[in-house]
Amino acid sequence: MPKVGMEPMRRKALVDAALRVIGDHGSLAVTMSDIARQAGVSPALAHHYFGSKEQLLIETIRSLLRQLRSDAVAALRAAKTPRERLSAVIRVSFHADQFAPETIAAWLAFYAEAQRSEETRRFLVVYARRLHSNLLADLKALLPTDAAERIAEGAAAMIDGLYIRQSLKSAPIGIEASIALTEDYLNALLATAPPSPQRGEDVRRTDGWGKAETAAPSSGPAGHLLPEGRRDTPIEPPKGQMT
């Protein structure tokens, strides 16, 4: 009989192994046997815990998003001003765990899969919308809405571009350099844009990487390559839960 508490450990080991194997292959063309071997368990056990490779891959996306959300919540809670919160969002986007070569390769593999899988696409669209929402929330505290929208789109696109360049290794850029480039972009535009007429009002905030509270939604596409999906799309399938 398995030890109590063994299942969560093995599930995490399989998710971590899936991330490494996908990163090594640079695509989702991996087998359950590849993943199980990396995790040090049998393919039968992997199927027992996840049912299919597709379900294991979905759980791997959830794991990435959970970690990103946890990091974002902690960073945003520690920030005291809108400008500090913008810096927190940028820094979290280039966190060492997210900017590791195998993680970047896995993200790109999931984006490729999203062109074929609606479930994968939905997860990534929600993530993209949250990145945009967190940037926009604090930009609207500093700038008129139209300028805040434009700069939020640009900052999200810049983060995407730096990820792509890092993955191609054509011009690899480190974490601190990526953060500095994005900060320079924001600083340059903040210096030339007019201040927000709503400064001091109760502008929109979000609970970390989570639900928006009060402001109008963006009318344009959200960051990280994919267009926005429906705004009422839930983050999880009905029988899953992301913490």
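Throughout, residues of each chain are indexed from 1 in the direction in which the sequence is written. Local features in this predicted model are restricted to residues whose pLDDT is 70 or higher, and side-chain atom pairs enter the listing and the counts only when it is 80 or higher, whereas totals over whole chains, interfaces and linings include all residues. Working from all heavy atoms in the structure, the side-chain values ignore hydrogens and water.

Caption draft 1: The overall build of the protein chain, seen in detail. Runs of H or I in DSSP of at least four residues are treated as helices and runs of E of at least two as strands, each being numbered from the N terminus. Of regular secondary structure, the protein chain possesses nine helices and zero strands. Seen in sequence order, the protein chain has helices and strands lined up from the N terminus as α-α-α-α-α-α-α-α-α. To sort residues, take the accessible area from a 1.4 Å probe on protein chains only and compare it with the maximum for the residue type: under 20% means buried, over 50% means exposed, and anything in between is partly exposed. The buried share among the 243 residues of the protein chain stands at 49%. A 1.4 Å probe and the Shrake-Rupley method give the accessible areas. Residues count as covered only by the protein chains that appear here. A total accessible area of about 11,900 Å² is found for the protein chain, and carbon and sulfur atoms account for 55% of it.

Caption draft 2: Molecular detail of the packing of helix α5 (residues 82-93) against helix α9 (residues 175-192). Axes, fitted as lines to C-alpha atoms, cover a helix only where it is in contact. Angles between the N-to-C directions of the axes lie from 0 to 180 degrees. Two elements in contact, α5 and α9, have axes separated by 10 Å at closest approach and are oriented at 145°. When you trace α5 past α9, the crossing you get is right-handed. Residues R83, L86, S87, I90 and R91 of α5 touch α9, and the partners they reach there are E176, I179, T182, E183, L186, N187 and L190. Here the residues of the contact of α5 with α9 are counted per class, giving five nonpolar, three polar and four charged. If you view the pair so one helix is near and one far, a crossing is left-handed when the near helix is turned anticlockwise from the far one by less than a right angle, and right-handed when it is turned clockwise. In this analysis, two residues are considered to be in contact whenever any of their non-hydrogen atoms come within 4.5 Å of each other. Any residue outside Ala, Val, Leu, Ile, Met, Phe, Trp, Tyr, Cys, Pro, Asp, Glu, Lys and Arg is labelled polar, Gly included; the first ten of those are nonpolar and the last four are charged.

Caption draft 3: Expanded view of the packing of aromatic side chains. Pairing of aromatic rings covers Phe, Tyr and the six-membered ring of Trp, with a centre-to-centre limit of 6.5 Å; geometry is then stacked below 30 degrees between planes, edge-to-face above 60, and tilted otherwise. Counted by the stated rule, this structure contains five aromatic pairs. Pairing F94 with Y163 gives two aromatic rings, centres 5.8 Å apart and planes at 20°, and the pair type is stacked. Here F94 is found in the loop between α5 and α6 (101-114), whereas its partner Y163 is found in helix α8 (residues 145-168), with 69 residues between them in sequence. By relative accessible area, which is 8% here, Y163 ends up buried. With a centroid separation of 5.2 Å and an interplanar angle of 85°, the aromatic rings of F99 and Y163 are classed as edge-to-face. Separated by 64 residues along the polypeptide, F99 in the loop between α5 and α6 and Y163 in helix α8 bring together distant segments of the chain.

Caption draft 4: Representation of the pattern of salt bridges in the model. What counts as a salt bridge is simple: a side-chain nitrogen of Lys or Arg found within 4 Å of a carboxyl oxygen of Asp or Glu. Under the defined criterion, the tally for this structure stands at eight salt bridges. The partner of R37 in a salt bridge is D34, and the shortest N-O contact between them spans 3.4 Å. Here R37 and its partner D34 are both found in helix α2 (residues 32-39), three residues apart, which amounts to about one turn of the helix. With a closest N to O distance of 2.5 Å, R83 and E183 form a salt bridge. Note that R83 is positioned in helix α5 and E183 in helix α9, a separation of 100 residues in sequence. Within the structure, one salt-bridge network assembled from shared partners comprises E59, R62 and R66.

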